[in-house]
Amino acid sequence: MKKPINMNIVTPRIILRPFILEDAPFMFKWTNDVRVTQYLRFNTHKSVAESMRIISSWIEKDTFPQICNWAILKREDLEVIGSIGIGTTSVIDERGEVGYALRFDEWNKGYMSEILPYVLTFGFDNMNLHRIEATHSLLNPASGKVMKKAHMSKECPLMRHYYKSSQTGFHDSAMYVAFSDTYNRYPSEIL
Ligand SMILES: CC(C)(COP(=O)(O)OP(=O)(O)OC[C@H]1O[C@@H](n2cnc3c(N)ncnc32)[C@H](O)[C@@H]1OP(=O)(O)O)[C@@H](O)C(=O)NCCC(=O)NCCS
């Protein structure tokens, strides 16, 4: 669908932009990797075509401002290394949820902690969200660390069987939140 505003976001090391179909072989590098997908809801992809189908559905069905998905590109070489997205979970309550994934060989370089504050800022300023939630499996503390480093507050330390991974079943989870009236904004750089 048409994206009426510029969705691109630029951080010191990263560019975020909407996905294009040509990203599918790059996306497959993490959607095909069980080390990445074990904490996610979707099945580990078996073919590039599966990744292309997801991208295609995002391009066709994401309805701004309710849903935004971005490809994560390194500024140094413009390689696509991950995805991040915000979905509105309640329009009336102005509530949304953020989720993300990164290719395994790019973990622990601080990328997601760098990106998340900019994406939250976008959600508050462009998606009419007041409250943005993020949840992580208790078996996946690195994701909780990212939320904390993005200045989200822990609201629920333990939600039993909060979500079900296709690969690994039900996960006990923690929830972090950020609010539009108190969040310090991270405006995108202009290239
Ligand atoms: C979660 C994920 C996005 C993190 O991205 P990233 O760019 O590697 O995160 P960062 O480098 O910004 O920060 C990770 C932090 O977790 C820490 N960390 C890594 N492994 C850890 C572990 N097993 N236990 C505790 N902390 C850990 C890192 O040291 C780092 O903290 P630091 O900067 O204070 O040293 C990435 O691991 C990923 O894609 N995982 C698979 C998909 C996923 O889990 N998505 C989230 C679903 S809720």
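Cut-off values and rules
- Residues numbered from 1 in each chain as written.
- Predicted model: local features only at pLDDT ≥ 70, side-chain atom pairs only at ≥ 80, totals over all residues.
- Heavy atoms only, no water.
- Helix = DSSP H or I, 4+ residues; strand = E, 2+ residues; numbered from the N terminus.
- Rg over C-alpha atoms; globule rule 2.2 N^0.38 Å.
- Buried < 20%, exposed > 50% of the residue type's maximum accessible area, 1.4 Å probe, protein only.
- Contact = heavy atoms within 4.5 Å.
- Areas by Shrake-Rupley, 256 points an atom, 1.4 Å probe, with all protein chains shown as cover.
- Lys, Arg positive; Asp, Glu negative; His and termini not counted.
- Charge placed at Lys NZ, Arg CZ, Asp CG, Glu CD.
- Near = heavy atom within 4 Å.
- Polar contact = N/O pair within 3.5 Å; in protein donor to acceptor, adjacent residues only side chain to side chain.
- Pairing = 2+ DSSP bridges.
- Arc of directions from axis to C-beta.

Some words on the overall build of the chain
Along the chain, the regular secondary structure elements total five helices and eight strands. In the chain, the order of α-helices and β-strands from amino to carboxyl end is β-β-α-α-α-β-β-β-α-β-α-β-β. Relative to the compact-globule value of 16 Å for 191 residues, the chain shows a C-alpha radius of gyration of 16 Å, a close match. For the chain, the spread of C-alpha atoms along the principal axes amounts to about 40 × 40 × 30 Å. Relative to its 191 residues, the chain shows a buried fraction of 48%. Residue pairs in contact within the chain that sit at least 24 positions apart in sequence constitute 66% of those at least 6 positions apart. Carbon and sulfur atoms make up 55% of the accessible area of the chain, which totals about 9700 Å². The positive charge centre, built from 23 side chains, and the negative charge centre, built from 21, are 4 Å apart in the chain.

Some remarks on the site of the ligand
Tyr-100, Asn-108, Ser-113, Asn-140 and Lys-149 are the nearest of the 22 residues found near the ligand. A distance of 2.7 Å is found between a nitrogen atom of the ligand and a backbone nitrogen or oxygen belonging to Tyr-100. Within the backbone of Gly-110, an N or O atom sits 2.8 Å from an oxygen atom of the ligand. Its free accessible area being 960 Å², the ligand has 75% of it covered by the protein chains. At the level of secondary structure, the elements contributing two or more residues to the shell around the ligand comprise strand 5 (95-102), helix 4 (111-126), strand 6 (131-137) and helix 5 (141-149).

A word on the pairing of strand 7 (residues 153-165)
Relative to strand 8 (residues 169-179), strand 7 is paired through seven bridges, and the arrangement is antiparallel. Looking at the pairing, Met-159 lines up with Ser-173 of strand 8. Taking the residues that link successive antiparallel strands as the turn, the strand 7-strand 8 hairpin has three residues.

What to know about the pairing of strand 4 (residues 80-90)
Counting buried positions along strand 4 gives eight out of 11 residues, so the element sits mostly inside the fold. Hairpin connection of strand 3 (residues 67-74) to strand 4: five residues between the antiparallel strands, including Leu-78 at a positive phi of 60°. Linking two consecutive strands that pair antiparallel, namely strand 4 and strand 5, is a turn of four residues; a positive phi of about 55° is found at Glu-94 within it.

Re the environment of Asn-8
By the secondary structure assignment, Asn-8 is in the segment before strand 1 (9-10). For Asn-8, a relative accessible area of 39% corresponds to the partly exposed category. For the pair Asn-8 and Pro-187, spaced 179 residues apart in the sequence, the C-alpha separation amounts to 11 Å. Not counting residues up to four positions away in its chain, the partners in contact with Asn-8 are Leu-16, Arg-17, Pro-18 and Ser-188.

Regarding helix 5
Regarding helix 5, the residues found buried are Ser-143, Gly-144, Val-146 and Met-147. Burial along helix 5 is one-sided: seen end-on, the buried residues are contained in an arc of 155°. Those residues of helix 5 that are exposed and angled more than 90 degrees off the buried face are Pro-141, Lys-145 and Lys-148. Against the buried residues of helix 5 lie strand 5, helix 4, strand 6 and strand 8.

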